[in-house]
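Commentary on secondary and tertiary structure
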Amino acid sequence: MSLVFLICSLIVSVTAIVTPISQRMVKQECSEDTPIVVPNFKANWFKAVEYCHYLGRNLMGVASAEKQDTITTVLEETDKFSDSSFWIGASDLAEVGNFHWHSTGTRVTWYNWNEMLELPKANDNRKDDRCVVLNHHQQGAFKWIINNCWDEYYFACERA
């Protein structure tokens, strides 16, 4: 039994911290081969990153349309879907306007920004609006927006 599974099993026995999602995606809550875990609590972006790492996972990366479709399906099958906003692992914390994936350090090359979003520029004085959220758009799809990293949202962790 791996350490991650053991930790999750101990925590789950006390309180439900993750929501079971589609049976094809979940074999057992927090098991190593579960592709995506959606914890049952909201957190700021930093805590979300920390908690995913605690589980031996990464805050969800969305590097393609296919990956966004997958995470959308997972989120739709949870009781968190109506909340409409979820942290993903991208930010421009290191350099304003230059978005990277926290888990890999690679630059964000595929994106799905909300068309109404004004992207930051290099000389922008934004202090805390630096982290990326999947936001359920009115047309029924998730679009990316930038929010204050200290705001609390649900999040998803994927296998590292």
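Described below are features of the structure shown in this document.

So, how was this worked out
Residues numbered from 1 in each chain as written. Predicted model: local features only at pLDDT ≥ 70, side-chain atom pairs only at ≥ 80, totals over all residues. Heavy atoms only, no water. Pairing = 2+ DSSP bridges. Helix = DSSP H or I, 4+ residues; strand = E, 2+ residues; numbered from the N terminus. Contact = heavy atoms within 4.5 Å. Axes fitted to C-alpha atoms, helices over the stretch in contact; angles between N-to-C directions. Phe/Tyr/Trp six-rings, centres within 6.5 Å; stacked < 30°, edge-to-face > 60°. Buried < 20%, exposed > 50% of the residue type's maximum accessible area, 1.4 Å probe, protein only. Lys NZ or Arg CZ within 6 Å of the ring centre and 35° of its normal.

1. Some words on the sheet that holds strand S2 (residues 57-59)
Pairing between the strands of a sheet comes from backbone hydrogen bonds, and it takes one of two forms, parallel or antiparallel. The three strands are arranged S1-S8-S2 in an open sheet whose pairing can be described as antiparallel. Looking at strand neighbours, the two that pair on one side only are strand S1 (36-37) and S2, the edges of this open sheet. Strand direction decides the pairing type here: S1 and strand S8 (residues 157-159), joined by two bridges, are antiparallel. Paired with Val-37 across the strands is Cys-157, a residue of S8. Relative to S2, helix H2 (residues 45-54) is tilted by about 165°, and along the sheet it contacts S2 and S8.

2. What about the environment of Asn-98?
Secondary-structure assignment places Asn-98 in the loop between strand S3 (85-91) and strand S4 (100-101). For Asn-98 and Val-108, which are 10 residues apart along the polypeptide, the C-alpha to C-alpha distance reads 8.2 Å. With residues up to four places along the chain from it excluded, the contact list for Asn-98 reads Ser-91, Asp-92 and Arg-107.

3. Topic: the packing of aromatic side chains
In total, this model carries 14 aromatic pairs according to the counting rule given. Taking the centre distance of 5.6 Å and the plane angle of 90° together, the rings of Trp-45 and Phe-46 count as edge-to-face. Look at Trp-45 and you get buried, because its relative accessible area is 3%. When the centroid spacing of 5.0 Å and the interplanar angle of 80° are considered together, the rings of Trp-87 and Tyr-153 count as edge-to-face. Taken together, the residues Trp-87 in strand S3 and Tyr-153 in the loop between strand S6 (142-148) and strand S7 (154-155) connect sequence positions 66 residues apart. Each member of the pair, Trp-87 together with Tyr-153, is buried. Three or more aromatic residues joined by ring pairs form one cluster here, namely Phe-99, Trp-101, Trp-110, Tyr-111, Trp-113 and Trp-144. Taking NZ or CZ as reference, Lys-80 lies 5.5 Å from the ring centre of Tyr-154, over its face.

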